[in-house]
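# Remarks on the overall topology
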2 protein chains.
Amino acid sequence: MKPDALRGHLDALLLATLDGRELHGYAIIEALQQGSGGALDLPTGTVYPALRRLERAGHVVSDWSTVGGRKRRTYKLTSAGLRALNAERSAWQEFTTVIGGVLGGDGKWAQT
Amino acid sequence: MKPDALRGHLDALLLATLDGRELHGYAIIEALQQGSGGALDLPTGTVYPALRRLERAGHVVSDWSTVGGRKRRTYKLTSAGLRALNAERSAWQEFTTVIGGVLGGDGKWAQT
DNA sequence: AAGCTATATGTAGCGCGCCTACACATCGAG
DNA sequence: CTCGATGTGTAGGCGCGCTACATATAGCTT
């Protein structure tokens, strides 16, 4: 998959990854890799700024912890973030319906 | 739908719209409106440059004609364009599978 | 005739959002 | 002690679609 195809859907992916659990940035990247069957391999330079943006937006909150001498910044969804996730899921539904409808299976829409 | 959500899928939409028929730019915009149920309303400043880009890429060819005193530039797919369309459709499939899989219906992927 | 809308094509410039490349730090293995 | 894995972060660039504008004819209204 071309790397920048996620344009506009990164937030949705991150929020969905944090749905129901707390993860730190590095673990989010790994979770996305596994959850996508290896198709998604987001660079840190993409994820970390995005997480900070989500935090500024109030969709996630972070806590620092130290595990084995390494500092981790663990993120979790806020209630606003959960609402945002639901909105993103709806937007995704609409998006795929519209684009998928135009791309069509193999025929035209109404050309009987 | 947010206007710039198409990022990376515009070419696919245009190619799909030209699949099996010849249209000029203005008609393409109208076809997209109808085919999407009104959800897509692409501005001319988006479509015309995109068509020229597709022509430079060899995916479409254009012919000028005059209908009722108005000049029309009618586009049609080339064989390379048809191949590109098929590739775009595959990419779309993969894209929706991957992202949709991560966004999930309502549960986690393998959290047994 | 003047003015407005629909039809029809096009350019210039901006801004968002993600990527590339780099920088820094600790720990375990070789 | 060097290297890779783990872990977080910044700086700068660039592609792509959008906004706004420019141009032109046909046809309808007033």
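Reading guide: rules and limits
Residues numbered from 1 in each chain as written. Chains lettered and ligands numbered in written order. Predicted model: local features only at pLDDT ≥ 70, side-chain atom pairs only at ≥ 80, totals over all residues. Heavy atoms only, no water. Phe/Tyr/Trp six-rings, centres within 6.5 Å; stacked < 30°, edge-to-face > 60°. Helix = DSSP H or I, 4+ residues; strand = E, 2+ residues; numbered from the N terminus. Buried < 20%, exposed > 50% of the residue type's maximum accessible area, 1.4 Å probe, protein only. UniProt positions renumbered as here; feature names shortened; annotations may be inferred. Near = heavy atom within 4 Å. Polar contact = N/O pair within 3.5 Å; in protein donor to acceptor, adjacent residues only side chain to side chain. Nonpolar A, V, L, I, M, F, W, Y, C, P; charged D, E, K, R; others polar.

### Points about the packing of aromatic side chains
Tallied over the entire structure, the rule returns 4 aromatic pairs over all chains. Ring geometry for Trp-92 of chain A and Phe-95 of chain A: centres 5.9 Å apart, planes at 40°, overall tilted. Taken as a pair, Trp-92 of chain A and Phe-95 of chain A lie in helix 4 (residues 79-103) at a separation of 3 residues, close to a single helical turn. Judged by relative accessible area, Trp-92 of chain A falls into the buried class, the value being 7%. Judged by relative accessible area, Phe-95 of chain A falls into the buried class, the value being 2%. Look at Trp-92 of chain A and Phe-95 of chain B: their rings are 5.6 Å apart centre to centre, the planes differ by 65°, and that puts the pair in the edge-to-face class. Of this pair, Trp-92 of chain A sits in helix 4 while Phe-95 of chain B sits in helix 4 (residues 79-103), placing the two residues on different chains. Among the aromatic residues, ring-to-ring pairing joins Trp-92 and Phe-95 of chain A together with Trp-92 and Phe-95 of chain B into one connected group.

### Details of the UniProt feature "domain: Transcription regulator PadR N-terminal" (unreviewed entry) in chain A
When the UniProt feature table is mapped onto this chain numbering, "domain: Transcription regulator PadR N-terminal" (unreviewed entry) sits at residues 14-86 of chain A. As a span, residues 14-86 of chain A carries 49% helix and 25% strand, and end to end its C-alpha atoms are 13 Å apart.

### Thoughts on the protein's contact with DNA strand C
In the vicinity of DNA strand C there are 27 residues, among which Thr-46 and Gly-68 of chain A together with Tyr-26, Arg-72 and Arg-73 of chain B approach most closely. Sugar plus phosphate: this is where 64% of the atoms of DNA strand C within 4 Å of the protein reside. Within the contact set of DNA strand C, a base oxygen lies 3.0 Å away from a side-chain nitrogen or oxygen of Thr-44 of chain B. Here Lys-71 of chain B contributes a backbone N or O atom positioned 3.4 Å from a sugar or linking oxygen of DNA strand C. Looking at the surface near DNA strand C, the elements with two or more residues in it are helix 3 (44-56) of chain A together with helix 2 (25-35), helix 3 (44-56) and strand 3 (70-77) of chain B. Among the residues making up the surface near DNA strand C, the classes are represented as 9 nonpolar, 9 polar and 9 charged.

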